[in-house]
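Fold and geometry: a report
Residue strings, one per chain:
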Amino acid sequence: MSEAMPYLRLSSLPLEEATKRQLADELTATVLDVLTSEKPEWTSVHFTSFDPGDFAIAGRLVADGGIVDTHLEISAPGVDEKSWFALRNRLTDVLVEALGIPDSERWHVNVKLNQYDPHSFAMAGNAADELDDLRTAGQPDRAGGGPWWLRPAALLGFALGAYLGYRWFADRVGTTAEVDTAPPDPPAHDDAAGAGARTAIDIASVSEF
């Protein structure tokens, strides 16, 4: 299933920070409860406020006594009729309760659904309908027990280890073998004058590794 990335945008008169926090939590929870395939990190809520002098209804500014509309837009792909029925009713209930809107003005709470093609939404340059394929490509290979790149990496690591082991062995052999000439023994009084010095050759052993 393609990533949906629900996006909610609320247009209203300026709200207090506490009210925004409450709405951010409750609107997100409602969307996730209806669209069960979505995740919190995919769902965003955008607050856009307007001044009473910037909004008019029936040709009358809110600043002049016009009744303000609270408008919520939700953008998501693949919302069926059953889900849309639940969203528009439950999101309206959340707004009415959080903003203290009386029942007589419930008609001034609007919820609009903007459905879009997942291919028209991108993350990090990748279309939303392609993210599943990209994620699958990075999953472990069940037959081989690891991602596709693990085997080449293991072979490279093995080759590098063998090469470094060979170099270490060669260095050990080349640097620990020593040839020393022992000093001549002091001449004995009763030995022949032509007695020569003895030569000893010591070869250091190479430890196993």
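Description of the structure in this document. Everything quoted here is computed from the prediction, not taken from an experiment. (Residues numbered from 1 in each chain as written. Predicted model: local features only at pLDDT ≥ 70, side-chain atom pairs only at ≥ 80, totals over all residues. Heavy atoms only, no water.)

1. Points about the overall build of the protein chain
Operational definition: Secondary structure elements are taken from DSSP: a helix is a run of H or I of four residues or more, a strand is a run of E of two residues or more, and numbering for both begins at the N terminus. In this scheme, a residue with accessible area under 20% of its type's maximum is buried, one over 50% is exposed, and one in between is partly exposed, where area comes from a 1.4 Å probe on protein chains only. Here, residues are in contact when the closest pair of their heavy atoms is within 4.5 Å. For the area figures, the Shrake-Rupley method with a 1.4 Å probe applies, and any residue is considered shielded solely by the protein chains shown.
Across its full length, the protein chain holds 4 helices and 8 strands. Of the regular secondary structure in the protein chain, the N- to C-terminal order runs β-α-β-β-β-β-α-β-β-β-α-α. When the 209 residues of the protein chain are sorted by exposure, 25% land in the buried category. For the protein chain, the share of sequence-separated contacts (at least 6 apart) that also reach a separation of at least 24 residues comes to 66%. A total accessible area of about 14500 Å² is found for the protein chain, and carbon and sulfur atoms account for 56% of it.

2. Examining the environment of Val 79
Of note, Val 79 is situated in the loop between strand E5 (70–75) and helix H2 (81–99). Sequence-wise, Val 79 and Leu 35 are 44 residues apart; in three dimensions their C-alpha atoms are separated by 8.0 Å. Apart from residues no more than four positions distant in its own chain, Val 79 is found in contact with Leu 35, Trp 84, Leu 87, Leu 113 and Gln 115.

3. Points about the pairing of strand E2 (residues 44–49)
To be explicit about the condition: Think of it this way: DSSP has to see at least two bridges between two strands before they count as a pair. Whether a crossover is right-handed comes down to one check: with the strands pointing away from the viewer, does the path from the first strand over the helix to the second run clockwise; if it does, it is right-handed.
Bridge count between strand E1 (residues 7–12) and E2: 6 bridges; the pairing is parallel. Across the sheet, the residue bridging to Arg 9 is His 46, located in E2. Each parallel crossover has a hand, and the one from E1 via helix H1 (residues 17–34) to E2 is right-handed.

4. Section: the side chain of Thr 30
Within the secondary structure, Thr 30 sits in helix H1. With relative accessibility at 7%, the residue Thr 30 sits in the buried group. Each residue touching Thr 30, except ones within four places of it in the same chain, is listed here: Arg 90, Leu 91 and Val 94.

5. Some details on the sheet that holds E2
Definition in use: Inter-axis angles, ranging from 0 to 180 degrees, are taken between N-to-C directions of lines fitted to C-alpha atoms, where helices are fitted over the stretch in contact.
In spatial order, the strands read E2-E1-E5-E6; together these 4 strands make up an open sheet with mixed pairing. Only two strands of the sheet have a single partner each, and these edge strands are E2 and strand E6 (109–114). Taken pair by pair, the neighbouring strands of this sheet meet at an average axis angle of 15°, ignoring direction. Of the strands in this sheet, E1, E5 and E6 are in contact with H2, which crosses E6 at around 145°.

6. As for the packing of H1 against H2
The following threshold applies: For classification purposes, an angle smaller than 35 degrees is called roughly parallel, one larger than 145 roughly antiparallel, one from 65 to 115 roughly perpendicular, and anything else oblique. By definition, any crossing whose near helix is turned counterclockwise from its far helix by less than a right angle is left-handed, and any crossing with a clockwise turn is right-handed. The nonpolar class holds Ala, Val, Leu, Ile, Met, Phe, Trp, Tyr, Cys and Pro. Asp, Glu, Lys and Arg form the charged class, and all remaining residues, Gly among them, are polar.
Running from N to C, H1 and H2 point in directions that differ by 160°, and their axes come no closer than 10 Å. Taken together, the axes of H1 and H2 lie roughly antiparallel to each other. Where H1 crosses over H2, the handedness of that crossing is right-handed. Between H1 and H2, the residues in contact are Thr 19, Gln 22, Leu 23, Glu 26, Leu 27, Thr 30, Val 31, Asp 33 and Val 34 and Ser 83, Ala 86, Leu 87, Arg 90, Leu 91, Val 94, Leu 95, Ala 98 and Leu 99, respectively. Looking at the contact of H1 with H2, its residues break down into 11 nonpolar, 4 polar and 3 charged.

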